[in-house]
Every structure is written in structure tokens, then in C-alpha cells.
Amino acid sequence: MQKAPSTAIPEIVVTARRTTETLQRAPVAITALDGDAIQRSGITSVTELESNLPAVQFQVATSIPIITVRGVGTFSTQAGVDSAIAYTVDGIFLAHPQAYPPVLVDIARVESVRGPQGTLYGRNSNGGAINFITNEPRLGQLEANLSLTVGNYDSLASEAVLNVPVGEDVAIRGAFGSSRHDGYYDDGYSNADDWVGRVRLLVQPSNQFRMVLSADKYSLDNVGAGWDYCPPNTASAQCANQKFQPYTGLSGRNPDDFGRTRTWGVYNQADLTLDGLTITSLTGYRDNDFLARQTQILAPARSSGFIQGVISRLFTQELRLAAPDSSDVKWLAGAFYARETGPASQTFNQDGVPYFSSEPFLKSISTAVFGEVTVPLTEGFRLIGGLRYTDERKSAVGVVSTVNDDTTAQLPIDQRFRTKKWTWKAGVELDYSDNALAYANISTGFKSGGINQVPSLPGFTGSYRPETITAYQAGLKTRLFDDRLQLNGEGFYYDYTDFQALQVIRDAAIPGFFIQTTNSQKSSMYGAELEAQAAISGNTRISMQGTWLHARFDKYIIGSTDLSGNQIQAAPDFTVGAAIEHSFDLSNGDRILFGADTKWVSGHFVANSNAPGSYQDDYLRSNASLTYSLIDLSLELTAFLRNIENNAQIAAYQPSAKGDLVLLNPPRTFGIQASWRY
């Protein structure tokens, strides 16, 4: 006879603050997603997590996922531009979205943290962090997991996991996942053929020392991203009297287009626990090779688009010292070093002429020291203080070329830039009951400045300043009715300066054009979030989430461009989501699990220009899954359906000479999955 499911909401353990704690005891806005639930939902890629993460939006450009949290993001895919959102896999920092794993495989959980991070993290960020935690090897356990998924668009996904103990103190875990599907567009664009492989080795000779050594390799291939002409709200003259026809593409495919990423890495975490001290070392090396060619206008005589590539070699080392779990005063201190080198290339071709091309060699070195301490003043009341110092150096050396029909100019690039920055955090925590935590804090953060790939000549901006943020956040976490109702909420205000924006520069003395990153003046983001979970019974749980966000440019004037008052892209004013999960226990011991979620997003712009064609009307996007668990056979059969409404949501926008262009999120997808565990 099966044991009756607990009616209490289970505690979720997170490590987003570099310590092991429950989500309800962490004084910061965190959402954690369980790896098994992700798999049952048919989610295989990073961007598909959007419907489950409050205040998070994903945009995709040339196979690169661009993450926005509460309106804070990086809206440039130029090589060398840092991400505003820190992205880690097993605690190891990934510098750029080109290195993100294309397939989610053997995931333990995903953590989304909102607000500036720096006093606890090796790499600073000004908007938040997305942390992917994969399953570690398990001592003394032989495990095997296999799953196969098939669906529409001839999709085929697989996952295989094997955990093998080696004696009492060592275990090895290997995982492989793949995902492929045909193009979502009639012309074949937006297909995928990706895979991820990972091997992890755990060595734990005692309770005082443990080490996890990991190696992974990723591969991403596609024929390019799909674009459609004339979105619903366009004001382009070229789109007059033309009806929007989503997923039809550019009336043909350029066979030369492609997107390709080859990435491999090795990383290691070592933990040593002493009397009164825990020492953690995180060492990582990442080799990333990305290249994409994308057509945006297809014409018989002349097509236009761009080619972009980067080869990077990233080494990171983080060292942390932390107080033991038994200490009343919680503290952490650390140091961080990162060195990234490699060539980059980009070519922009606007209707054939003129075009811009650059091929610099980029180098970036970042060093930092950081720390945070939590001190109890009375029982249940604590003060938090944190400090960080960062020193970053960047350089770009190479050649930039501009060409028109008659003239070619090759000009040198030799730019260097250095940032030194102090950031800090101050806050309070209050346990006003056994199951309730209130907190408030002020923190600062920054996203590094950098180097433009433009000539070393007067009139050009060789570098751009860091973005800076001062964040005011206050929240409440509570559980009621014997842990059957959980309510978490946070209000926030962000004061944002030196927003980094792309600018096209033309010089009458030089043919063609140049693209550089410059700084605008001031932006502000403020709003509130509420997350609720309820255990209706031991078999039924529901959850709801809501976000109100006001994200605007207070002052944005660069040259003749004035975007002051515009809504920041990918920052809808309102987002409301709901989910339900219900299990049916059968008399033969088997179980049926039904899950569904939906998310309503208010109308918003996907481009900072707020061009009419970049406006996405409000929409509803829903997903559902049904799982039958054959307990005796350790087998699960799942059917899933994503984007039930089959709405075509705009993810990216680009004006062109033949009318506005938009890139869309995936249409309705469905499939069945078989999973076996030993």
C-alpha cells in the first residue's frame, strides 16, 4: 500500500547565496525549479524556462539566448560585451551566452535570483543570476536513467545517465542529452540539432574533504534563425496592406546560412571543512567556438544580413572562506580571477553595400575580492553587510574594414579599457515568527564597460563605461496553515545609469558605417512580485505568480537619438502565471500525474526604439503534461503540449529595407516521452 502523500509543501534547498539553506530562509527573491518537473514538461532548452520564472524574459538572436530580469539585460550580442545576468553551471561562471549549454541534461534544479549579485559571487552582475545545478555523483549507488522523446516537427530528444560507485569514497556519473527538430518556419529556419555530454567524478575520503571534477562538451547546429516580414503592429510603408503570416519566413532560404557552436570545458570544486572554517575552491576552463551567418533580406540580386563569430578561451578561479553552519555569525570572504582571450569577427551587410567588418583579438582580465557578513543583534533580528572590489582590464587589437562599391578602407583597432569599482550591500533580516522572514536591503552592482571594435581615430568612441545600479529591495516570506500555504513577495526599485546601447556611426571621410556601444544616461525599474503555493491536499498543489514592472528610460539621448520615456525592451508591465499539479493513486500502485501552467503577459516592446513593429500584444501561453508511472517497472510515460494557444510571440525585431522583420518564439509543440530509471 502506498504511503499517503504529505499535505505540507516540501522544503526546497538552494545554494544561490553560496551556502546550503532552504528557499524560505534566504533573504532574497529566488525561484527554484526541480529538474524532474522540467523533464516532464518537455523542456529541453534554456529559453523554454521562461514560463516558469517570474520577471524573466528570453530573447534569441543568431542562436544566442539573451536573458532579461526585471528589465535588466544585455541587448548587444557583440563579442566582448559582458552579460548583465550572471550565468553559472555548477557554480562555474560562463562569460557569454554563446557558451550556454543548448540542451538541459541531468538537471537537479534551476535557480533564478533577482537583483545585483557580487558580494557572494565570484563574478559580479547587476541584474541577477541564473544558476544551473546538475546532479552530482552519488556514493554507494548504481543508477541508470534513460529517456526518449518524440514529437511534432520530427523532434527527437534523448537523455542517458549512469551513476557508478567506485569503492566507498568515489563515484562517477556520466550524462548525455540530445535534441533535434525540423525548422519551425516554412523555409526551414529555426531548426535544431544539439547535444550535451558531461562526466563528473566525486572523491570524498572523509566528511572534511570532498572534490567534484567535471568535464563537458556541447554542440549546437542549425540553419539559422527564422524571420518574418510585417508584424501585426508595423507602421512600415513596405508592409502596407500585407497581412502578418507567422512562420512563413523570407520566401526562401539562403543555403549558406548556419549557426554553429562547439564548446568544451573542465571544472573542479574542492571543499575542505576545518574547525571554524570551510574552504571552497572553484576552478574552470571553457573553450568556446561560435560562428553564425544569418540572412535578413533575401533577394535574387543581393541579400543582406550578417556574419558573427567568436573563439574564446576562459579560465576562472574562485576561492572562498566561510563560517561553519554552527556559527551564529554567518560570514563569507572570497577572491576571483578570470582571464578570457580569443579572436572575434563580425560582418554586417545592408542590401549588399556598404558593409562593415571587424576581426579584433580580444583580451579581458578580471580580478576581485568580495565578502558578506550576517550578524545577529537580537534573537530573530540580523544585520547584513557586504563589500566587493573589482579590477577589470580589456583590450581589442586588430583591423576594421568598410567597403562600398568603389572604395575599401582598412583601419587599425587598438583599444584598451580599465574599470576599478567598489560595490556594496547593506540590509536587515527579521524572523517575526517561526515560519516568517522579512528582509530589506540596499545593494549596488555594475556591468563592466568595454572595448568597441572601431578604428583608433578621432570621432570614434574606443570604449564605453560600465552600467551601474543601486537596488532597493524589501520582501516577505511566510508559511501558513501547517506549511500548506506559502507566500513570498518582494518590492523593488532600481536606479540605473550608463545603460549600454548600440549606435551606428557614419563618417563622410570613410566609406561604409561602424557599430559601437555607447552609454545613455538614466533608467529606472520598479515594481513588485508575488509568488504563492498551496497544498490543497496530499495529491493537489497549485501555484500562482504575479509581477508588476515599470521599466523606462528616464533620459536616453545619444547623438540625434532620443529614447527618453521609452519602455525598456522585453520588460512587460504585468505578468501573471498559474500552475496546477494533481496526482491520482491507482489501486495497483501506479500513479497518474497531471500538470498544467499558463502565463499571461501584457503588451510590450521587444526593441528599445519602441518602433510600432516591435510591439507584442498581450498574450496567453499555456502548457500541459500527463504522466503515467508504472511503479513496478520503474517506467514513466508522459505526453506534453506546449504553447497550447499556438500564439506567435515576437522575440526580436529588426527594421529593414523590405519591411519590418521579427523573430518568433516556437509555435505549438507536442510529444510523448518514455523514461526508465534503475
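What you see is a predicted model; the values in this text were computed from it and never measured. Residue positions within a chain follow its written sequence, with the count starting from 1. For this predicted model, a pLDDT threshold of at least 70 governs which residues receive local features, and a threshold of 80 or more governs which side-chain atom pairs are given and counted, while totals over whole chains, interfaces and linings are taken from all residues. Only hydrogens and water are set aside when side-chain values are computed; all heavy atoms of the structure are taken into account.

**Notes on the overall build of the protein chain**
Reasoning step 1: Check the secondary structure of the protein chain and you find 1 helix and 44 strands.
Reasoning step 2: Computation of the radius of gyration draws on C-alpha atoms alone. For the globule rule, the value is 2.2 Å times the number of residues to the power 0.38. Taking 26 Å as the expected radius of gyration for a compact globule of 678 residues, we find that the protein chain reaches 25 Å, a close match to that expectation.
Reasoning step 3: The principal-axis extents of the C-alpha atoms in the protein chain amount to approximately 80 × 50 × 50 Å.
Reasoning step 4: The rule is simple: take the accessible area with a 1.4 Å probe, protein chains only, and divide by the maximum for that residue type; under 20% is buried, over 50% is exposed, in between is partly exposed. Here the protein chain holds 678 residues, and the buried ones make up 56% of them.
Reasoning step 5: We call two residues contacting when some pair of their heavy atoms lies within 4.5 Å. Of all intrachain contacts in the protein chain linking residues separated by at least 6 positions in sequence, the fraction that spans at least 24 positions is 65%. Secondary structure counts use DSSP, requiring at least four H or I residues in a row for a helix and at least two E residues in a row for a strand, with both numbered from the N terminus.

**Topic: the pairing of strand β13 (residues 170-181)**
Reasoning step 1: DSSP-based pairing: two strands are paired if at least 2 bridges between them are found. As paired elements, strand β12 (residues 155-166) and β13 share 11 bridges and run antiparallel to each other. Its bridge partner lying in β13, Glu159 is registered against Gly177.
Reasoning step 2: Between the antiparallel neighbours β12 and β13 lie 3 residues, among them Gly167 with a positive phi of about 70°.
Reasoning step 3: Examined bridge by bridge, β13 and strand β14 (residues 192-203) share 12 bridges and lie antiparallel to one another. Its bridge partner being in β14, Gly177 is matched across the sheet by Val196.

**Structural notes on empty space enclosed by the protein**
Reasoning step 1: Cavity and pocket criteria rest on a 1 Å grid covering protein atoms alone: a 1.4 Å probe that fits but cannot get out defines a cavity, protein on both sides within 12 Å along at least 5 of 7 lines defines an open pocket, and an atom within 4 Å of a point defines a lining residue. Grid points are joined across faces, edges and corners, and a volume is the space filled by probe spheres set on the points. In total, this model carries 16 cavities of 30 Å³ or more according to the counting rule given.
Reasoning step 2: The computed volume of the largest cavity comes to approximately 330 Å³.
Reasoning step 3: Lining the largest cavity are 30 residues, with Gly80, Asp82, His96, Glu340 and Ser364 sitting closest to its centre.
Reasoning step 4: Put simply, the parts of the chain that give the lining of the largest cavity at least two residues each are β7 (85-89), β19 (304-322), β20 (330-349), β22 (361-378) and β23 (381-403).
Reasoning step 5: No other element matches the 6 residues that β20 contributes to the lining of the largest cavity.
Reasoning step 6: Classification convention: Asp, Glu, Lys, Arg as charged; Ala, Val, Leu, Ile, Met, Phe, Trp, Tyr, Cys, Pro as nonpolar; all other residues, Gly among them, as polar. Of the residues belonging to the lining of the largest cavity, the class tally is 13 nonpolar, 11 polar and 6 charged.
Reasoning step 7: The volume enclosed by the second largest cavity comes to roughly 200 Å³.
Reasoning step 8: In terms of lining residues, the second largest cavity is bounded by 20 residues, among which Pro116, Gln117, Gly118, Thr119 and Lys425 are the most central.
Reasoning step 9: When contributions to the lining of the second largest cavity are tallied by element, the ones reaching two or more residues are β9 (107-114), β24 (408-433) and β25 (436-447).
Reasoning step 10: Looking at the lining of the second largest cavity, its residues break down into 7 nonpolar, 9 polar and 4 charged.

**Focus: the sheet that holds strand β8 (residues 92-94)**
Reasoning step 1: On the basis of which strands lie adjacent, the open sheet formed by 5 strands has the order β3-β9-β10-β7-β8 and mixed pairing. Where the open sheet ends on each side, the last strands, each with one partner, are β3 (30-34) and β8. Strand-to-strand twist across the sheet, computed as the mean angle between neighbouring axes with direction ignored, equals 20°.
Reasoning step 2: Taken together, the 7 bridges between β9 and strand β10 (residues 128-134) define a ladder with antiparallel strand orientation. What sits directly across from Arg114, in β10, is Gly128. With axes taken as lines fitted to C-alpha atoms, and helix axes fitted only over the stretch in contact, angles between N-to-C directions fall between 0 and 180 degrees.

**Remarks on the environment of Gln453**
Reasoning step 1: Mapping Gln453 onto the fold places it in the loop between β26 (450-451) and β27 (463-464).
Reasoning step 2: It is 33 Å that separates the C-alpha atoms of Gln453 and Gln238, two residues lying 215 residues apart in sequence.

**Let's talk about a nonpolar patch on the surface**
Reasoning step 1: Patch building starts from residues that exceed 30% relative accessible area and form no salt bridge, then joins like charges within 9 Å and nonpolar side chains (Val, Leu, Ile, Met, Phe, Trp, Tyr) within 5 Å. We get accessible surface area from the Shrake-Rupley algorithm with a probe of 1.4 Å; when it comes to residues, only the shown protein chains can shield them. Salt bridges are defined as contacts in which a side-chain nitrogen from Lys or Arg sits within 4 Å of a carboxyl oxygen from Asp or Glu. A grouping of Leu142, Leu146, Leu162, Val164, Val166, Ile172, Val199, Trp676 and Tyr678 is seen on the molecular surface, where their side chains present a nonpolar patch of about 800 Å² in accessible area.
Reasoning step 2: The greatest single-element share of the nonpolar patch, amounting to 3 residues, is contributed by β12.
Reasoning step 3: Relative to the elements of secondary structure, Tyr678 occurs in the segment after β44 (669-677).

**Section: the pattern of salt bridges**
Reasoning step 1: In total, this model carries 33 salt bridges according to the counting rule given.
Reasoning step 2: Here Arg210 makes a salt bridge to Glu136, at a shortest N to O gap of 2.9 Å. Of the two residues, Arg210 sits in strand β15 (residues 209-222) while Glu136 sits in the loop between β10 and β11 (143-151), which places them 74 residues apart along the sequence.
Reasoning step 3: Judged by relative accessible area, Arg210 falls into the partly exposed class, the value being 22%.
Reasoning step 4: Residue Glu136 is classed as partly exposed on the basis of its relative accessible area, which comes to 31%.
Reasoning step 5: Here Asp554 makes a salt bridge to Lys522, at a shortest N to O gap of 3.3 Å. Of this pair, Asp554 sits in strand β33 (residues 540-555) while Lys522 sits in strand β32 (residues 522-535), and the two are 32 residues apart along the sequence.

**Some points on the environment of Asp287**
Reasoning step 1: Residue position: Asp287 is located in strand β18 (residues 277-297).
Reasoning step 2: A relative accessible area of 12% means that Asp287 is categorised as buried.
Reasoning step 3: When near neighbours in sequence (up to four residues on either side) are disregarded, Asp287 contacts Arg262, Thr263, Trp264, Ser312 and Arg313.

**What to know about the packing of aromatic side chains**
Aromatic ring pairs are defined here through the distance separating the ring centres and the angle between the ring planes.
Reasoning step 1: Here a pair means two rings of Phe, Tyr or Trp (six-membered ring of Trp) with centres within 6.5 Å. Their orientation is stacked below 30 degrees between planes, edge-to-face above 60, and tilted elsewhere. The final tally for this structure, using the stated rule, is 17 aromatic pairs.
Reasoning step 2: Here Phe492 and Tyr494 contribute two aromatic rings whose centre-to-centre distance is 5.4 Å and whose plane-to-plane angle is 45°, an arrangement assigned as tilted. Taken as a pair, Phe492 and Tyr494 share a single burial class, namely buried.
Reasoning step 3: Note on criteria: charge over ring means Lys NZ or Arg CZ within 6 Å of the ring centre, with the direction from the centre no more than 35 degrees off the ring normal. Cation over ring: Arg70 sits above Phe492, and NZ or CZ is 4.0 Å from the ring centre.

**Focus: the state of the cysteines**
Formally, a disulfide is one covalent bond, and it connects the sulfur atom of one cysteine to the sulfur atom of another.
Reasoning step 1: To count as a disulfide, a pair of cysteine sulfur atoms needs to be within 2.5 Å. Counted under the stated rule, the structure contains 1 disulfide.
Reasoning step 2: A disulfide bridge connects Cys230 with Cys239, and the sulfur atoms are separated by 2.2 Å. Taking the sign of the S-S torsion, -80° for the link of Cys230 and Cys239, the bridge is left-handed. In terms of burial, Cys230 and Cys239 fall into one category: buried.

**Remarks on the pairing of β25**
Reasoning step 1: Counting buried residues along β25, 9 of its 12 residues qualify, which places the element largely inside the surrounding structure.
Reasoning step 2: In this structure, β24 lies alongside β25, joined through 8 bridges in antiparallel fashion. Of the residues in β25, the one forming a bridge with Leu430 is Ala438.
Reasoning step 3: Counted along the chain from β24 to the antiparallel partner β25, the turn is 2 residues long.
Reasoning step 4: Two strands pair when backbone bridges link them, and β25 and strand β28 (residues 467-480) are joined in this way by 12 bridges, in the antiparallel orientation. Bridged to Ala436 within β28 is Thr478.

**What to know about unusual backbone geometry**
Reasoning step 1: Despite not being glycine, Asn241 shows a phi value in the positive range, around 65°.
Reasoning step 2: As for its placement among the helices and strands, Asn241 is situated in the loop between β16 (228-229) and β17 (258-274).
Reasoning step 3: A positive phi angle is found at Asn646, which is not glycine, with a value near 60°.
Reasoning step 4: Within the secondary structure layout, Asn646 lies in the loop between β41 (635-642) and β42 (650-654).
Reasoning step 5: The exposure class of Asn646 is partly exposed, given its relative accessible area of 35%.

**A few points about the sheet that holds strand β43 (residues 661-664)**
Reasoning step 1: The sheet built from 3 strands is open, its strands ordered β16-β43-β42 with antiparallel pairing. Taken across any chain shown, the strands that pair with only one partner, and hence form the sheet edges, are β16 and β42.
Reasoning step 2: The sheet contact formed by β16 and β43 spans 2 bridges and is antiparallel. Across the sheet, the residue bridging to Asp228 is Val662, located in β43.

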